[in-house]
Amino acid sequence: MKPKEIKLRELHLSDKSQLAKLANNKKIWDNLRDSFPYPYSEKDAELFINLTIEENPKQNFAIDYAGDLCGVIGLIIQNDIYSKSAEIGYWIGESFWGKGIATTAIELITNYGFEDLKLNRIYAGVFEFNNLSMKALENNGYKKEGIFKKAVLKNAKFLDEHRYFKLNT
Ligand SMILES: CC(C)(COP(=O)(O)OP(=O)(O)OC[C@H]1O[C@@H](n2cnc3c(N)ncnc32)[C@H](O)[C@@H]1OP(=O)(O)O)[C@@H](O)C(=O)NCCC(=O)NCCS
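Residues numbered from 1 in each chain as written. Predicted model: local features only at pLDDT ≥ 70, side-chain atom pairs only at ≥ 80, totals over all residues. Heavy atoms only, no water.

Enquirer: Tell me about the overall build of the protein chain, and name the residues and values.
Expert: Within the protein chain one finds five helices and seven strands. Put simply, the protein chain runs from its N terminus to its C terminus through helices and strands in the order β-α-α-α-β-β-β-α-β-α-β-β. For 169 residues, the compact-globule estimate of 2.2 N^0.38 gives 15 Å, and the protein chain sits close to it at 15 Å. Its C-alpha atoms give the protein chain principal-axis dimensions of roughly 40 × 40 × 35 Å. In the protein chain, buried positions account for 43% of the 169 residues. The long-range fraction of contacts in the protein chain, counting pairs at least 24 apart against all pairs at least 6 apart in sequence, stands at 63%. Here the protein chain has roughly 9400 Å² of accessible surface; of this, 52% comes from carbon and sulfur atoms. (Helix = DSSP H or I, 4+ residues; strand = E, 2+ residues; numbered from the N terminus. Rg over C-alpha atoms; globule rule 2.2 N^0.38 Å. Buried < 20%, exposed > 50% of the residue type's maximum accessible area, 1.4 Å probe, protein only. Contact = heavy atoms within 4.5 Å. Areas by Shrake-Rupley, 256 points an atom, 1.4 Å probe, with all protein chains shown as cover.)

Written out as structure tokens, the structure reads:
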């Protein structure tokens, strides 16, 4: 795998069916907030793509692997005194797992957040069982800063949230 095969680009309405096909997966939903739709329809994809088209500055990107849309990664810029902080979020379609795509996408959006958006801090909240996501963050120099015990209610279970951060040094 050459990292240059992985790029971030803007989403287009022509991505709608591939986005819905990849996102409509309970194994992805199980690791994300309940506001992420499941089942994930083409209408959901269209609504999301239209939101990203309106963004200024851009915060959500398609992850493109050798010309194919394979996932989405984004930064949620915070408000008020946290305006130089952002939460990172991402998912990769199951058929693309284990190829280093999340690791590279995190690197690319972290650089974008620090260099283009001039953020000071990017952080992530990872459910207790999601070791692959923790590894992808650690691969990029993110450090675990704490565990929010039983902070998450997902699938009717309370889960620990492992919080990771990286500073723009
Ligand atoms: C978690 C997720 C983003 C990982 O994406 P990915 O592109 O497969 O991740 P990477 O290929 O960069 O791999 C990250 C680490 O996991 C390891 N890994 C990936 N798939 C693996 C597998 N099937 N078995 C064992 N290890 C695996 C990789 O080897 C790598 O570790 P390494 O650096 O020691 O080699 C992806 O599984 C996903 O989208 N899951 C559902 C949504 C989600 O969890 N989002 C994040 C919420 S915090």
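Now that the structure has been shown, the text picks up again.
Enquirer: Can you explain the sheet that holds strand 5 (residues 121-127)? Please cite residues and give values.
Expert: Reading across the sheet, the seven strands line up as 1-2-3-4-5-7-6 and stay open at both edges, with mixed pairing between neighbours. A strand with exactly one partner marks an edge of an open sheet, and here the two such strands are strand 1 (6-9) and strand 6 (143-154). Neighbour to neighbour, the strand axes of the sheet diverge by 30° on average, direction disregarded. For strand 1 and strand 2 (residues 60-65), the ladder comprises four bridges, and the chain directions are antiparallel. By the bridge assignment, Lys7 is partnered in strand 2 with Asp64. Taken strand by strand, helix 4 (residues 101-116) contacts strand 1, strand 2, strand 3 (68-77), strand 4 (85-92), strand 5 and strand 7 (157-167), and its axis lies near 40° from that of strand 3. (Pairing = 2+ DSSP bridges. Axes fitted to C-alpha atoms, helices over the stretch in contact; angles between N-to-C directions.)

Enquirer: Can you break down the site of the ligand residue by residue, with the values?
Expert: Inspection of the region around the ligand gives 20 residues, with Gly98, Gly100, Thr103, Asn130 and Lys135 positioned closest. Between an oxygen atom of the ligand and a main-chain N or O atom of Ile92, the distance comes to 2.8 Å. Residue Asn130 places a side-chain N or O atom 2.7 Å away from an oxygen atom belonging to the ligand. Here the ligand, which alone exposes 930 Å², has 72% of that area covered by the protein. Taken together, the elements giving at least two residues each to the shell around the ligand come down to strand 4, helix 4, strand 5 and helix 5 (131-138). (Near = heavy atom within 4 Å. Polar contact = N/O pair within 3.5 Å; in protein donor to acceptor, adjacent residues only side chain to side chain.)

Enquirer: Just give me the short version of the pattern of salt bridges, but keep the residues and values in it.
Expert: It is possible for side chains bearing opposite charge to pair when their charged atoms get close. With the rule as written, the count across this model stands at twelve salt bridges. We note a salt bridge from Arg9 to Asp64, for which the minimum N-O separation is 3.3 Å. Remark: Asp64 occurs in strand 2 and Arg9 occurs in strand 1; sequence separation between them is 55 residues. The residue Lys150 makes a salt bridge to Glu128 at a minimum N-O spacing of 3.9 Å. Of the two residues, Lys150 sits in strand 6 while Glu128 sits in the loop between strand 5 and helix 5, which places them 22 residues apart along the sequence. On the basis of relative accessible area, Glu128 is assigned to the partly exposed category, the value being 29%. The network of salt bridges with shared partners includes Glu128, Lys149, Lys150 and Asp160. (Salt bridge = Lys/Arg side-chain N within 4 Å of Asp/Glu carboxyl O.)

These figures come from the coordinates and say nothing about function on their own.
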